Protein chains: 2
Amino acid sequence: MTAAAGGPMRVVIVGAGFGGLEAARALAGAPVQLTILDRQNHHLFQPLLYQVATAALSPGDIAWPVRTIFRRQQNVTVLMAEVTGVDVAARIVHADGVAFPYDILVLATGATHSYFGRDDWARFAPGLKTIEDARAIRRHLLLAFERAEMASDEVERQRLLTFVVVGGGPTGVELAGAMAELARQALKREFRRVDPRRARIVLIEAGPRLLATFPEELSDYAAASLGRMGVEVRTQARVTECDAAGVSIGDERIDASTTVWAAGVVASQAGEWVGAERDRAGRVVVGPDMSLPGRPEIFVVGDLVTMKDRNGKPVPGNAPAAKQMGRYVGRVIAARARKAAAPAPFAYRHHGDLATIGRRSAAVDMGGFRLKGLLGWWFWGIAHVYYLIGFRSRVVVSFEWLWSYLTFQRGARLITRSASAPTPEERRADATPAAGG
Amino acid sequence: MTAAAGGPMRVVIVGAGFGGLEAARALAGAPVQLTILDRQNHHLFQPLLYQVATAALSPGDIAWPVRTIFRRQQNVTVLMAEVTGVDVAARIVHADGVAFPYDILVLATGATHSYFGRDDWARFAPGLKTIEDARAIRRHLLLAFERAEMASDEVERQRLLTFVVVGGGPTGVELAGAMAELARQALKREFRRVDPRRARIVLIEAGPRLLATFPEELSDYAAASLGRMGVEVRTQARVTECDAAGVSIGDERIDASTTVWAAGVVASQAGEWVGAERDRAGRVVVGPDMSLPGRPEIFVVGDLVTMKDRNGKPVPGNAPAAKQMGRYVGRVIAARARKAAAPAPFAYRHHGDLATIGRRSAAVDMGGFRLKGLLGWWFWGIAHVYYLIGFRSRVVVSFEWLWSYLTFQRGARLITRSASAPTPEERRADATPAAGG
């Protein structure tokens, strides 16, 4: 990482999500010296993370070491390190006590869920952004059924079997659907004292409808499908309190063992590091070439960015948008490194929205082209397998899905201690031991 | 769990390892009311755990929910609960604050590695008994390579790339071989600053040879094979010190980032619960029908037991022996429940020993029948796939092995925070940040 005057342009990419990965790939063969920094060793296929949380897939099926992805791209060095700050004037990134000088910096550190000023709720209602999150939620969910089988008190048993998902976007819808299938199908004949089909699953959305960015027809379809699966859909409901024993919606109390948070957006800190202009969610305002105004050597991509498309609609914070931005920025940098003309300003192309609801049920909106039900579900499945990385994951995920489809079972129903802190359920259990049986 | 005078015989099995599982299966259809208690929700196929620790398999591939295994056996209730003690006089098992009365008790809680009185070494040199252990070791191993790529100091880099395995039994041999393959094959082209093939792997055995229970010919073969793979095999070497920065063998110091403990045996506490006679390793002495002398209602199976076979050789603490004992005890209990004649005393049948060393290399001893090399490796692979539970795991494990064989890659190279405590490597890293780059 020594500064080489006249040597190849040094490009540092922070974050190996969809945006960072595509930027680096677009620089294959370009005369640059690329360093990718990420605090994890793996790229995660977040759109399927809810399937890890509900025991359908293993973490290894949807995550790949970043350095394996770039093993053949010789201008890339991958380092697992956590960035702590950027010295914009000196053009240096600080990560784990090491200084990385850059000529070009790409920030692709993403966003997470927002608790709307109630960050203390995070311990009771984890989000779903990392493998650790997914494993903690899986542990939590499965443990609730185990505790219910041990419990002797009927009220406690019903509380244990109540699960709340906050946020009716694609993640919330997919999670609630998968939880319903877990309870009603995968677990059904395995308990002797409780009937897992009695589990109560509540999906809470503050807005007037689920899947707000989809056409209304598909929102209605999603709500109806979830209803048939036994999910209580609550729209125009706002969580006003959240603790270890459940949530409140105004005066209404829902006692629950497990609450998962899939609402709101708050950007990661990267905007602060470089002193960029940000919106209320911390997302960075960028120029037409995705660089910071007045800082042409700093680019920002993915859901860390706030921007509008040509129709004045906000660009969504999803994987396809992040990939388009990453690819575009890679091309801008490659042009600069080759002293070629800069590409035209970035223009987001909206290909569509997809959300699966459950077995044989999905909502697909690709512009004029809409699909529901079985056909949508097939489309969703094929699209997701296609976007996985590598032959191995495609085979394993396809097989796991086929097997689950045929047997109604789940392949990764493990309760392991994955989080460093005890779950709220565990904290409660420590305080109130189960009564005699 | 109410005592029903005249109702079916209440059998409580503690532990869902190989022994407990077989006992419960042998009681299918018997007029008993079975309760299986385990502190985990899953049965683990321990013989392949080293492949999880070395990133070849995912935890979900070799572990299955106990209640799924028994979903169709209606006389079984499975509960996830940690046993804290047994009231032998009142015939009650206490688990998580709940009392479980029994007519028959089967203890199958297994054994773990022994640190020979130095239990303080456990934090520096984890054993390999649970999924959490395997994931912690995997994290540790992979993190060492990542840290080496970040390190600027050559001495520190070499320390990071030094891995020690203590114990030359099958687990130690398999682990050392798998580590060598990980470093020399799976990772080889993925780093830019270090060459993972320079990793030093040291296998330390206190006795005169590896695989002490195998014929000498196979021990020699294993040592030679490991040597060719670049593993330093050190026999008649005893670890005298162990800390976060490595191990000592007498005056010789080996600085290492990762030490894994695969030596010694110490039984779990269950012998104490029932006040049984135990050997120095805490293993329980049982009568000819595997029950406690003077306590015909308490049976003990698996590596919690110390016993000799007909030739006066100790029965090994492995999966086949545990399964034979479990099956036998199940038959004894079924006979009692049906008031039939008791089976003849338990006789252990030794089928053989297997250990894989690496790619196309394994040692197999089946009585007169011995195999090495490619043939032994195939035999080992087929035997292990055969003993996995269910179609799904057989397909997934077979595919993962085929894929690894063809590509030299590993499917589950994830660094995630799986342990509640930081690893020794992390503790060190916190104390001494990496120097500038």
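Residues numbered from 1 in each chain as written. Chains lettered and ligands numbered in written order. Predicted model: local features only at pLDDT ≥ 70, side-chain atom pairs only at ≥ 80, totals over all residues. Heavy atoms only, no water.

As annotated in an unreviewed UniProt entry, chain A carries the name NADH:ubiquinone reductase (non-electrogenic) and is attributed to Pararoseomonas baculiformis. Looking at chain A in UniProt, the text filed under Catalytic activity (unreviewed entry) is "a quinone + NADH + H(+) = a quinol + NAD(+)". (UniProt positions renumbered as here; feature names shortened; annotations may be inferred.)

Let us look at a nonpolar patch on the surface. On the surface, a nonpolar cluster with roughly 340 Å² of combined accessible area is contributed by Leu374(A), Trp378(A) and Ile382(A). Residue placement: Leu374(A) occurs in helix 10 (residues 373–387). (Patch = residues over 30% accessible without salt bridge, like charges linked within 9 Å, V, L, I, M, F, W, Y side chains within 5 Å. Areas by Shrake-Rupley, 256 points an atom, 1.4 Å probe, with all protein chains shown as cover. Salt bridge = Lys/Arg side-chain N within 4 Å of Asp/Glu carboxyl O. Helix = DSSP H or I, 4+ residues; strand = E, 2+ residues; numbered from the N terminus.)

Glancing now at the packing of aromatic side chains. Evaluation of the coordinates by the stated rule reveals 28 aromatic pairs over all chains. Here Phe18(A) and Phe45(A) contribute two aromatic rings whose centre-to-centre distance is 5.8 Å and whose plane-to-plane angle is 75 degrees, an arrangement assigned as edge-to-face. Here Phe18(A) is found in helix 1 (residues 18–26), whereas its partner Phe45(A) is found in the loop between strand 3 (42–44) and helix 2 (49–53), with 27 residues between them in sequence. Like Phe18(A), the residue Phe45(A) is buried in the burial classification. Each member of the aromatic cluster is reached from another via a ring pair, and the members are Tyr115(A), Phe116(A), Trp121(A) and Trp261(A). Positioned above the aromatic ring of Phe408(A), the side-chain terminus of Arg359(A) is 3.8 Å from the ring centre. The side chain of Arg392(B) reaches across the aromatic face of Trp403(A), ending 5.4 Å from its centre. (Phe/Tyr/Trp six-rings, centres within 6.5 Å; stacked < 30°, edge-to-face > 60°. Buried < 20%, exposed > 50% of the residue type's maximum accessible area, 1.4 Å probe, protein only. Lys NZ or Arg CZ within 6 Å of the ring centre and 35° of its normal.)

Residues and elements named next belong to chain A. Given a rise of 1.5 Å per residue, 17 residues ought to cover 24 Å, and the 24 Å separating the end C-alpha atoms of helix 11 (residues 391–407) matches this to within 8%. The complete set of buried residues in helix 11 reads Arg-392, Ser-393, Val-396, Val-397, Phe-399, Glu-400, Trp-401, Trp-403 and Ser-404. Among the residues trailing helix 11, Phe-408 stands out with phi positive, at a value near 65 degrees. (Expected span 1.5 Å × (residues − 1).)

Residue and element names in this part refer to chain A. Strand order in this open sheet of 3 strands is 14-15-16, and the pairing throughout is antiparallel. Two strands bound the open sheet, and with one partner strand each, they are strand 14 (241–243) and strand 16 (252–255). Shown here is a sheet whose adjacent strand axes are inclined to one another by a mean of 10 degrees, direction ignored. By the bridge criterion, 3 bridges tie strand 14 to strand 15 (residues 246–249) in an arrangement that is antiparallel. (Pairing = 2+ DSSP bridges. Axes fitted to C-alpha atoms, helices over the stretch in contact; angles between N-to-C directions.)

Expressed as a screw operation, the relation of chain B to chain A combines 0.0 Å of axial shift with a rotation of 180 degrees, fitting to an RMSD of 0.0 Å. On this basis, the relationship between the two copies can be described by a two-fold rotation axis. (Least-squares fit on C-alpha atoms with pLDDT ≥ 70 in both.)

Our next topic: the environment of Val284(B). Residue and element names in this part refer to chain B. Considering the arrangement of structural elements, one finds Val-284 in strand 19 (residues 284–285). Residues Val-284 and Trp-261, 23 residues apart in the sequence, show an inter-C-alpha distance of 23 Å. Apart from residues lying up to four places away in sequence, Val-284 is in contact with Gly-271, Ala-276, Glu-277, Arg-278, Leu-292, Val-300, Leu-304, Val-305 and Thr-306. (Contact = heavy atoms within 4.5 Å.)

Residues and elements named next belong to chain A. Judged by pairing direction, the sheet is mixed, and its 6 strands sit side by side in the order 5-2-1-9-21-20 without closing on themselves. Across the chains shown, the open sheet's two edge strands, defined by having one partner strand only, are strand 5 (76–80) and strand 20 (291–292). With 2 bridges joining them, strand 20 and strand 21 (residues 295–300) adopt antiparallel strand pairing. Residue pairing for strand 21: Leu-292 is matched across the bridge by Arg-295.

Here we take up the nonpolar core. Residues and elements named next belong to chain A. Counting residues in hydrophobic clusters, the biggest one holds 67 residues, and the most contacted among them are Leu-48 and Ile-62. No fewer than three residues from each of domain 1 (9–39 + 81–113 + 265–337) and domain 2 (119–263 + 359–431) sit in this core. Look past the residues within four positions of Leu-48 in its chain and what remains in contact with it is Leu-57, Ile-62, Trp-380, His-384, Leu-388 and Trp-401. (Core = buried A, V, L, I, M, F, W, Y, C linked by side-chain atoms within 4.5 Å. Domains from an automatic or database assignment.)

Looking now at the side chain of Asn41(A). Secondary-structure assignment places Asn41(A) in the loop between strand 2 (32–38) and strand 3. On the accessibility criterion, Asn41(A) (6% relative accessible area) is buried. Of the polar contacts made by the side chain of Asn41(A), one reaches the side chain of His42(A); its length is 2.9 Å. Dropping the residues within four chain positions of it, Asn41(A) is found in contact with Trp64(A), Pro65(A), Val66(A), Met80(A), Glu146(B), Arg413(B), Leu414(B) and Ile415(B). (Polar contact = N/O pair within 3.5 Å; in protein donor to acceptor, adjacent residues only side chain to side chain.)

Turning next to the interface of chain B and chain A. With 61 residues of chain B at the contact, the number on the chain A side is 61 residues. Taken together, both faces of the contact between chain B and chain A bury some 5,500 Å²; the carbon and sulfur share is 52%. A per-residue breakdown of the area chain B buries against chain A is headed by Arg67(B), Arg71(B) and Arg192(B), which together make up 14% of the total. At the junction of chain B with chain A, the criterion picks out 8 salt bridges. Note that Glu400(B) and Arg392(A) form a salt bridge whose closest N and O atoms lie 2.7 Å from each other. Between the two partners, chain B and chain A, sit 26 residue pairs in polar contact (both at pLDDT 80 or more). Of all elements in the fold, only strand 4 (63–65), helix 3 (66–69), strand 5 (76–80), strand 8 (98–101), helix 4 (131–150) and helix 11 (391–407) of chain B reach the threshold of two or more residues within the side of chain B that touches chain A. Top contributing element to the side of chain B that touches chain A by residue count: helix 4 of chain B, with 8 residues. Partitioning the side of chain B that touches chain A into residue classes produces 28 nonpolar, 17 polar and 16 charged. (Buried area = accessible area lost by both parts, 1.4 Å probe. Nonpolar A, V, L, I, M, F, W, Y, C, P; charged D, E, K, R; others polar.)

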